[in-house]
Amino acid sequence: MAYDAGAIGTTLAAAVGDDPALIADLRSAFVESAERVLTAMTLAADAEDWRAAAWRLRGLAASFGAVRLMALATEVAEDPRDAEGLKKLRRAISRL
């Protein structure tokens, strides 16, 4: 599955203009935030915490135009502690 690194760049460029350094900083902040949410999912105490973290990831992905990551987070939200889902999320985030 391809991921939308280009879409994220386009979204950021539309928001901040043609400033490659700022775009790189914002992309880095996005990836770091996504990784923190992924950690929260792995530490979730129950299904409610899992879903809340997945929905946070979905919202974060939506705000950066990462449509496929948003869809994957939505899918994984409904299957608490899904090890395969976590792998998919981790892979998707690493490709950003």
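Colleague: Kindly report on the confidence of the model for the protein chain, identifying the contributing residues and their values.
Modeller: Detailed conclusions should not be drawn from predicted coordinates in areas where pLDDT is low. Per-residue pLDDT for the protein chain has a mean of 88; in total, 94% of the residues score no lower than 70. When mean pLDDT is compared element by element in the protein chain, helix 3 (residues 47-63) scores highest at 95, while helix 1 (residues 5-16) scores lowest at 74.

Colleague: Go over the packing of helix 3 against helix 4 (residues 67-77) with me, naming the residues and quoting the values.
Modeller: Relative to each other, helix 3 and helix 4 sit at 170°, their axes nearing to 8 Å. Considered as vectors, helix 3 and helix 4 are oriented roughly antiparallel to each other. For helix 3 against helix 4, the interelement crossing comes out left-handed. Where helix 3 abuts helix 4, its residues Trp50, Arg51, Ala54, Trp55, Leu57, Arg58, Ala61 and Ala62 lie against Leu69, Met70, Ala73, Thr74, Val76 and Ala77. Among the residues forming the contact of helix 3 with helix 4, the class breakdown is 11 nonpolar, one polar and two charged.

Colleague: Which residues make up helix 5 (residues 83-94), and what values go with them?
Modeller: A rise of 1.5 Å per residue sets the reference length of helix 5, with its 12 residues, at 16 Å; its end C-alpha atoms lie 16 Å apart and thus fit the reference within 8%. Turning to helix 5, its buried residues number three or more, namely Gly85, Leu86, Leu89, Ala92 and Ile93. Summarising the axial view, the buried residues of helix 5 lie within an arc of 125°, below the 170-degree limit, and thus occupy one face. Of the surrounding elements, those touching the buried residues of helix 5 are helix 2 (20-42), helix 3 and helix 4. Capping the start of helix 5, Asp82 holds a side-chain oxygen 3.2 Å from the backbone nitrogen of Glu84, two or three residues further along.

Colleague: Any chance you could break down the packing of aromatic side chains for me, citing the residues and the numbers?
Modeller: The tally for this structure, following the rule as stated, stands at one aromatic pair. Measuring from centroid to centroid gives 4.4 Å for Phe30 and Phe64, while their planes differ by 25°, and the two rings are stacked. Placement of the pair is Phe30 in helix 2 and Phe64 in the loop between helix 3 and helix 4, with a sequence separation of 34 residues. The class of Phe30 is buried, set by a relative accessible area of 0%.

Colleague: Break down the environment of Gly17 for me, with residues and values.
Modeller: Within the secondary structure layout, Gly17 lies in the loop between helix 1 and helix 2. For Gly17, a relative accessible area of 26% corresponds to the partly exposed category. What Gly17 contacts, discounting residues up to four positions off in sequence, is Leu12 and Ile23.

Colleague: Describe in detail the nonpolar core, supporting the description with residues and values.
Modeller: Within the largest apolar cluster, 28 residues are counted, with the highest numbers of intra-cluster contacts made by Ile8, Phe30, Met41, Leu57, Leu69 and Leu89. Counting only elements with at least two residues in this core, the list comes to helix 1, helix 2, helix 3, helix 4 and helix 5. Setting aside anything within four residues of it in sequence, one finds Leu57 in contact with Ala34, Val37, Leu69, Ala73 and Leu89.

Colleague: Could you give me a rundown of helix 2, with the residues and numbers involved?
Modeller: For helix 2, built from 23 residues, the straight-helix expectation of 33 Å at 1.5 Å per residue is met to within 8% by its first-to-last C-alpha distance of 33 Å. Inspection of helix 2 places Ile23, Phe30, Val31, Ala34, Val37, Leu38 and Met41 among the buried residues, and these make up the whole buried set.

Cut-off values and rules
Residues numbered from 1 in each chain as written. Predicted model: local features only at pLDDT ≥ 70, side-chain atom pairs only at ≥ 80, totals over all residues. Heavy atoms only, no water. pLDDT = per-residue confidence, 0-100. Helix = DSSP H or I, 4+ residues; strand = E, 2+ residues; numbered from the N terminus. Axes fitted to C-alpha atoms, helices over the stretch in contact; angles between N-to-C directions. Parallel < 35°, antiparallel > 145°, perpendicular 65-115°, else oblique. Left-handed = near helix turned anticlockwise from the far one by under 90°. Contact = heavy atoms within 4.5 Å. Nonpolar A, V, L, I, M, F, W, Y, C, P; charged D, E, K, R; others polar. Expected span 1.5 Å × (residues − 1). Buried < 20%, exposed > 50% of the residue type's maximum accessible area, 1.4 Å probe, protein only. Arc of directions from axis to C-beta. Polar contact = N/O pair within 3.5 Å; in protein donor to acceptor, adjacent residues only side chain to side chain. Phe/Tyr/Trp six-rings, centres within 6.5 Å; stacked < 30°, edge-to-face > 60°. Core = buried A, V, L, I, M, F, W, Y, C linked by side-chain atoms within 4.5 Å.

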